[in-house]
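The lines below spell out each chain.
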Amino acid sequence: MSSQIDHLLNEDRRFAPSEDFAAAAVGTADLYHQAATDREGFWADRARELLHWQTPFTKVLDWSNPPFATWFEDGELNVAYNCLDRHVEAGNGDRVALFWEGEPGDERRVTYAELTDEVKRLANVLTELGIGRGDRVAVYLPMIPEAVAAMLAVARVGAVHSVVFGGFSADSLRARIDDAGAKLVITADGGYRKGRVSALKPAVDLALADRNGSGVQETVEHVLVVRRGGNDVDWTPGRDLWWHEVVPAASAEHEAEAFPAENPLFILYTSGTTGKPKGILHTSGGYLTQAAFTNRVVHDIHPESDVYWCTADVGWITGHTYVTYGPLANGATQVMYEGTPDTPHPGRWWELVEKYGVTILYTAPTAIRSFMKIGRQVAQQFDLSSLRLLGSVGEPINPEAWMWYRSVIGGDRAPIIDTWWQTETGAMMISALPGVTETKPGSAQVPLPGITVDVVDDAGQEVGNGNGGLLVITEPWPAMLRGIWGDPDRFVETYWDKFAEQGFYFAGDGARLDDDGDVWLLGRVDDVMNVSGHRLSTAEIESALVGNEAVAEAAVVGASDETTGQAVVAFVIIKESYLKAHSPEGLAQTLRAWVGEQIGPIARPRDVYIVGELPKTRSGKIMRRLLRDVAEGREVGDTTTLADTAVMSVISAQVK
Ligand code: PRX
């Protein structure tokens, strides 16, 4: 990491917004002043200005029982009404909400009026199925308009969605369904990925397969299935329902009931440092306020004229906040694309930018780096002149990728915003304002107005400009997680115990302040990996590996990778009993595939090394740092704390 820091320290390029951009920008320098004068008043103004409250709130923040916060507690609103009906009532029903494009090239234009109609019908279906306030609904769908409609309909009836990324396995889906106690699963037969139909319904069937004797009480009563892939599916009569049969048949009349601001809106599972994913809980009023505000000022949304495109899947937090909630609350028009960036050809994204005249693009560094790798000529075949703003999210963006993005995609004209935030923060926390900030390639730079962060040492002391340490958030924020589903202790322990004395939220990221006080993110400081902008836990993959009959022990590290940021590298010890009966040939491949099946293809290790031992301290803790050295092809660091100092040379030899 030190070479990376040196490299970043030498970065002195600066890019000020053009006068034209600054003059028309929604976010102005004034916001910083307002927020600095009266932070809570600032957020209250945003909540009133950006949202419709059926019952206006009188309280802003309640932080009397930290770390459990409430925002706008006595206010009431309906999240779906804010994202849909009010735009129709304001005369914008004909505005396109979604320019949807399927991977095979089929298209759908969904207006605000049409989306509202669909959500109202679906809300009636949910009510008929017994789904009401507080019930949990799992959503396991491809990137199709029904995914957005499903989230909004669940919100509309005051229930709680748990969207599970379609790339997760049946086991991962089952764990999430069980943890949340979901009553309904909304899925599809399948969706298009990489030129073929990838089935989803079989994973739901498997997840819900007869669990007699497993000790788990089945909570799921129904499965609502969208027909998208056209693939054959098994059917459980009484449990399974086709969307196209029940939704169009339901009434399009549906009154949006008011729910308290702190009504849970969704649970989204993310990886932590243990094997069990955490169900991050978000609520309604504060979350929607910060989602709408950040989308408005950081993405500089002008709803009448912009065509916005966030490339994230709704299965991740970026898709929740910047596909579903933020842009729809702002009445924006957006592109939604079902498939992979390189199907059927490597210029697919750029073709879509040209076709729809995309003005704002929000994506992940890993995508930019893979486009860099295939060369600028692919993107340059298309007219990208509509783009006026570019965004980055999910992992640190290296200055080379930033510069490439700016010049090849942005025509040296469009500002870049590098946005730091997390599933837990709910919405952006650190980012330039594109009409205000002079940007620096590779730095997320400044906390947004109303957000306060710092970089501190292990004891919670400010490190000051020019120094590195741990990123903390020093004051509660509206979109902050309200807890971990079913596990308040883990919530406190994971995020708040480390700096309990100061009351800081510990983000888990290393960061550095430059001489101007701008923040440079340096990656996770815990056992969480970031692969292509997706969070994976070393412990979760290790536990999948040891679940294989051949594996005695496993250690997983995130090794730096040119394209994906980090890559999963596993070191495994094979059981002697297994080796007596089987040949080890092909075992590494088998284990890679195994992890893919257990968790999902994103977790599949890039490399699996079969070794005889793992480096452990005297107390038995695996020293991942040393394994990372091996995985990254570096000289192995200090081994003096190992129980057996010779073990690393054995491992290095075995890996070679
Ligand atoms: O390490 C940080 C990294 O992604 C983590 C959060 O992952 P997740 O909850 O999956 O949310 C990703 C999308 C918001 C953070 O702890 N991260 C996210 N954005 C950035 C980043 N690292 C550096 N720069 C960013 N802009």
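All figures in this text were calculated on a predicted structure; none of them were measured in a lab. (Residues numbered from 1 in each chain as written. Predicted model: local features only at pLDDT ≥ 70, side-chain atom pairs only at ≥ 80, totals over all residues. Heavy atoms only, no water.)

### As for the overall build of the chain
Item 1. Helix and strand content of the chain: 23 helices and 30 strands.
Item 2. Within the chain, buried positions represent 59% of all 656 residues.
Item 3. In the chain, of all internal contacts separated by at least 6 residues, the share reaching a separation of at least 24 is 71%.
Item 4. In the structure as shown, the chain presents an accessible area of about 24,600 Å², 48% of it carried by carbon and sulfur atoms.
Item 5. The average position of the 57 basic charges and that of the 91 acidic charges among the side chains of the chain differ by 3 Å. (Helix = DSSP H or I, 4+ residues; strand = E, 2+ residues; numbered from the N terminus. Buried < 20%, exposed > 50% of the residue type's maximum accessible area, 1.4 Å probe, protein only. Contact = heavy atoms within 4.5 Å. Areas by Shrake-Rupley, 256 points an atom, 1.4 Å probe, with all protein chains shown as cover. Lys, Arg positive; Asp, Glu negative; His and termini not counted. Charge placed at Lys NZ, Arg CZ, Asp CG, Glu CD.)

### Description of the side chain of Asp-561
Item 1. Within the secondary structure layout, Asp-561 lies in strand S28 (residues 551–561).
Item 2. Within the structure, Asp-561 has its side chain in polar contact with the backbone nitrogen of Thr-564 (distance 3.0 Å).
Item 3. Residues within four places of Asp-561 in sequence aside, it is in contact with Gln-566, Ala-567 and Arg-606. (Polar contact = N/O pair within 3.5 Å; in protein donor to acceptor, adjacent residues only side chain to side chain.)

### Brief notes about the UniProt feature "binding site: Mg(2+)" (unreviewed entry) in the chain
Item 1. Residues annotated by UniProt as "binding site: Mg(2+)" (unreviewed entry) correspond here to Val-546 and Val-551.
Item 2. Setting aside residues no more than four positions away along its own chain, Val-546 makes contact with Val-551, Ala-552, Glu-553 and Ala-554.
Item 3. By the element assignment, Val-551 lies in strand S28.
Item 4. Each residue touching Val-551, except ones within four places of it in the same chain, is listed here: Leu-545, Val-546, Val-572, Ile-573, Lys-575 and Leu-591. (UniProt positions renumbered as here; feature names shortened; annotations may be inferred.)

### Here's the deal with the UniProt feature "binding site: CoA" (unreviewed entry) in the chain
Item 1. Within this structure's numbering, the places UniProt gives as "binding site: CoA" (unreviewed entry) are Arg-193, Lys-194, Gly-195, Arg-196, Thr-318 and Ser-532. The annotated residues occupy 340 residues of the chain and do not converge on a single region, their most distant C-alpha atoms lying 25.3 Å apart.
Item 2. Residue position: Arg-196 is located in strand S10 (residues 196–199).
Item 3. Its relative accessible area of 56% is what places Arg-196 among the exposed residues.
Item 4. Excluding residues that lie within four positions of it along the chain, Arg-196 makes contacts with Glu-103 and Gly-191.
Item 5. By the secondary structure assignment, Thr-318 is in helix H13 (residues 317–329).
Item 6. Exposure remark for Thr-318: the relative accessible area of 12% places this residue in the buried category.
Item 7. Sequence-distant contacts of Thr-318, defined by excluding residues within four places in its chain, comprise Cys-310, Ala-312, Val-323, Tyr-362, Val-393 and Trp-421.

### Concerning the layout of surface pockets
Item 1. In this model, the second largest pocket occupies a volume close to 230 Å³.
Item 2. Around the second largest pocket, the lining comprises 16 residues; the ones closest to its centre are Thr-273, Lys-278, Thr-494, Tyr-495 and Asp-526.
Item 3. Mapped onto the lining of the second largest pocket, the elements with two or more residues apiece are helix H18 (488–495) and strand S24 (505–513).
Item 4. At four residues, H18 tops the list of elements feeding residues into the lining of the second largest pocket.
Item 5. When the residues that make up the lining of the second largest pocket are grouped by side-chain class, the tally is four nonpolar, five polar and seven charged. (1 Å grid on protein atoms, 1.4 Å probe; cavity = no way out; pocket = protein on both sides within 12 Å on 5 of 7 lines; lining within 4 Å. Points joined across faces, edges and corners; volume = space filled by probe spheres on them. Nonpolar A, V, L, I, M, F, W, Y, C, P; charged D, E, K, R; others polar.)

### Things to note about the environment of Gly-339
Item 1. Checked against the element boundaries, Gly-339 lands in the loop between strand S17 (333–337) and helix H14 (348–356).
Item 2. Taking relative accessible area as the criterion, Gly-339 reaches 14% and is therefore assigned buried.
Item 3. Separated by 195 residues in the primary sequence, Gly-339 and Ile-144 place their C-alpha atoms 9.8 Å from one another.
Item 4. Excluding residues that lie within four positions of it along the chain, Gly-339 makes contacts with Glu-103 and Tyr-192.

### Things to note about the domain arrangement of the chain
Item 1. By domain assignment, the chain separates into domain 1 (11–110 + 220–505) and domain 2 (532–655).
Item 2. Of the roughly 1,200 Å² buried between domain 1 and domain 2 on both sides combined, carbon and sulfur atoms contribute 46%.
Item 3. When the area that domain 1 buries against domain 2 is broken down by residue, the three leading residues are Ser-271, Trp-316 and Thr-366, summing to 39%.
Item 4. Summed over the shared surface of domain 1 and domain 2, the number is eleven residue pairs in polar contact (both at pLDDT 80 or more).
Item 5. If one sorts the elements of the side of domain 1 that touches domain 2 by residue count, helix H15 (residues 365–374) sits on top with four residues. (Domains from an automatic or database assignment. Buried area = accessible area lost by both parts, 1.4 Å probe.)

### Brief notes about the sheet that holds strand S25 (residues 519–524)
Item 1. In space, the four strands of this open sheet follow the order S21-S22-S24-S25, with antiparallel pairing throughout. One side of each edge strand has no neighbouring strand; the edge strands of this open sheet are strand S21 (453–456) and S25. The sheet shows a mean angle of 45° between the axes of neighbouring strands, direction not considered.
Item 2. Pairing of S21 with strand S22 (residues 468–473) involves four bridges; the strand directions are antiparallel. For Val-453, the partnering residue across the bridge sits in S22 and is Ile-473. (Pairing = 2+ DSSP bridges. Axes fitted to C-alpha atoms, helices over the stretch in contact; angles between N-to-C directions.)

### What about the packing of aromatic side chains?
Item 1. On inspection of all chains with the given rule, the structure shows 32 aromatic pairs.
Item 2. Taken together, a centroid distance of 5.7 Å and an interplanar angle of 85° make the contact between Tyr-322 and Tyr-362 edge-to-face. Linking Tyr-322 in helix H13 with Tyr-362 in strand S18 (residues 360–363), this pair joins segments that are 40 residues apart in sequence.
Item 3. For the ring pair Tyr-495 and Tyr-505, a centre distance of 5.3 Å and an interplane angle of 10° mean the geometry is stacked. Residue Tyr-495 is located in helix H18, and its partner Tyr-505 is located in strand S24; the two are separated by ten residues in the primary sequence. The same class applies to Tyr-495 and to Tyr-505, which are both buried.
Item 4. Here the aromatic residues Trp-63, Phe-68, Trp-477, Phe-491, Tyr-495, Trp-496 and Tyr-505 are joined through ring pairs into a cluster of three or more. (Phe/Tyr/Trp six-rings, centres within 6.5 Å; stacked < 30°, edge-to-face > 60°.)

### What about the site of the ligand?
Item 1. In the vicinity of the ligand there are 17 residues, among which Asp-418, Thr-419, Thr-423, Asp-509 and Arg-535 approach most closely.
Item 2. Taking Pro-396, its main chain carries an N or O atom lying 3.5 Å from a nitrogen atom of the ligand.
Item 3. Between a nitrogen atom of the ligand and a main-chain N or O atom of Thr-419, the distance comes to 2.7 Å.
Item 4. Burial of the ligand by the protein chains amounts to 96% of its free accessible area of 540 Å².
Item 5. Those elements giving two or more residues to the shell around the ligand turn out to be H13, strand S20 (416–419) and S25.
Item 6. Classifying every residue of the shell around the ligand by side-chain character gives six nonpolar, six polar and five charged. (Near = heavy atom within 4 Å.)

### Describing the packing of helix H7 (residues 112–128) against helix H8 (residues 145–156)
Item 1. Relative orientation of the contacting elements H7 and H8 amounts to 55°, with a least axis distance of 8 Å. It follows from the interaxial angle that H7 and H8 lie oblique. Between H7 and H8 lies a crossing of right-handed hand. For the pair H7 and H8, contact is made by Leu-115, Glu-118, Val-119, Lys-120, Leu-122, Ala-123 and Leu-126 and by Val-148, Ala-149, Ala-150, Leu-152, Ala-153, Val-154 and Arg-156, respectively.
Item 2. Among the residues forming the contact of H7 with H8, the class breakdown is eleven nonpolar, no polar and three charged. (Parallel < 35°, antiparallel > 145°, perpendicular 65-115°, else oblique. Left-handed = near helix turned anticlockwise from the far one by under 90°.)

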